[in-house]
Amino acid sequence: LFRSDLDTLSRKGHFLKGSSAALGLQRVQHSCESMQHFGNRKDEHGAGELLSEEEALKRCRGLLVRLRAEQEEAREWLEGFYK
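From a predicted model like this one, the values you see are computed outputs, not experimental measurements. (Residues numbered from 1 in each chain as written. Predicted model: local features only at pLDDT ≥ 70, side-chain atom pairs only at ≥ 80, totals over all residues. Heavy atoms only, no water.)

J.: Any chance you could explain the packing of helix H1 (residues 6-22) against helix H2 (residues 26-39) here in plain terms?
T.: Axes are the key here: two packed helices are described by the angle between their axes and the distance separating the axes. With their axes 7 Å apart at the nearest point, H1 and H2 run at an angle of 160 degrees to one another. If you check the angle between H1 and H2, you find them roughly antiparallel. By crossing handedness, the relation of H1 to H2 is classed as left-handed. Across from Leu6, Asp7, Leu9, Ser10, Gly13, His14, Leu16, Lys17, Ser20 and Ala21 in H1, the residues of H2 making contact are Val28, Gln29, Cys32, Glu33, Met35, Gln36, Phe38 and Gly39. Along the lines of polarity and charge, the residues of the contact of H1 with H2 split into eight nonpolar, seven polar and three charged. (Axes fitted to C-alpha atoms, helices over the stretch in contact; angles between N-to-C directions. Helix = DSSP H or I, 4+ residues; strand = E, 2+ residues; numbered from the N terminus. Parallel < 35°, antiparallel > 145°, perpendicular 65-115°, else oblique. Left-handed = near helix turned anticlockwise from the far one by under 90°. Contact = heavy atoms within 4.5 Å. Nonpolar A, V, L, I, M, F, W, Y, C, P; charged D, E, K, R; others polar.)

Put into structure tokens, the structure is as follows:
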């Protein structure tokens, strides 16, 4: 986000979507999929007209806040599960 690189955000969202799916972290998976779509300048479902670069980055920033919270929740759950 710091570099406004939508292509990298999309690729990382795609990668993390698969990793979180493999761990069964559905909320994180869906948020990463949305990041992938925003990086491709689409809406959160991968549909609709192309977003402007500014709008896509704005949505990525908002999503990142949610992703951080979901990641923390997943970390706590996984640590508790594997204790």
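J.: Would you explain the side chain of Lys17 in this entry?
T.: Mapping Lys17 onto the fold places it in helix H1. Buried charge without a salt bridge: Lys17, with Glu33 as the nearest opposite-charge side chain at an N-O distance of 4.5 Å. A distance of 3.0 Å separates polar atoms of two side chains, one belonging to Lys17 and the other to Gln36. Setting aside its immediate chain neighbours within four residues, Lys17 contacts Gln29, Cys32, Glu33 and Gln36. (Buried < 20%, exposed > 50% of the residue type's maximum accessible area, 1.4 Å probe, protein only. Lys, Arg positive; Asp, Glu negative; His and termini not counted. Salt bridge = Lys/Arg side-chain N within 4 Å of Asp/Glu carboxyl O. Polar contact = N/O pair within 3.5 Å; in protein donor to acceptor, adjacent residues only side chain to side chain.)

J.: For this particular structure, what's the right way to read the pattern of salt bridges?
T.: Within the structure shown, the criterion is met by six salt bridges. Taking the shortest distance from any N to any O, the salt bridge between Glu73 and Arg27 comes out at 2.6 Å. Taken together, the positions of Glu73 in helix H3 (residues 53-81) and Arg27 in helix H2 put the pair 46 residues apart, joining distant regions of the chain. We note a salt bridge from Glu70 to Arg66, for which the minimum N-O separation is 3.5 Å. One end of the pair is Glu70 and the other is Arg66, both in helix H3 and four residues apart, which spans about a single turn.

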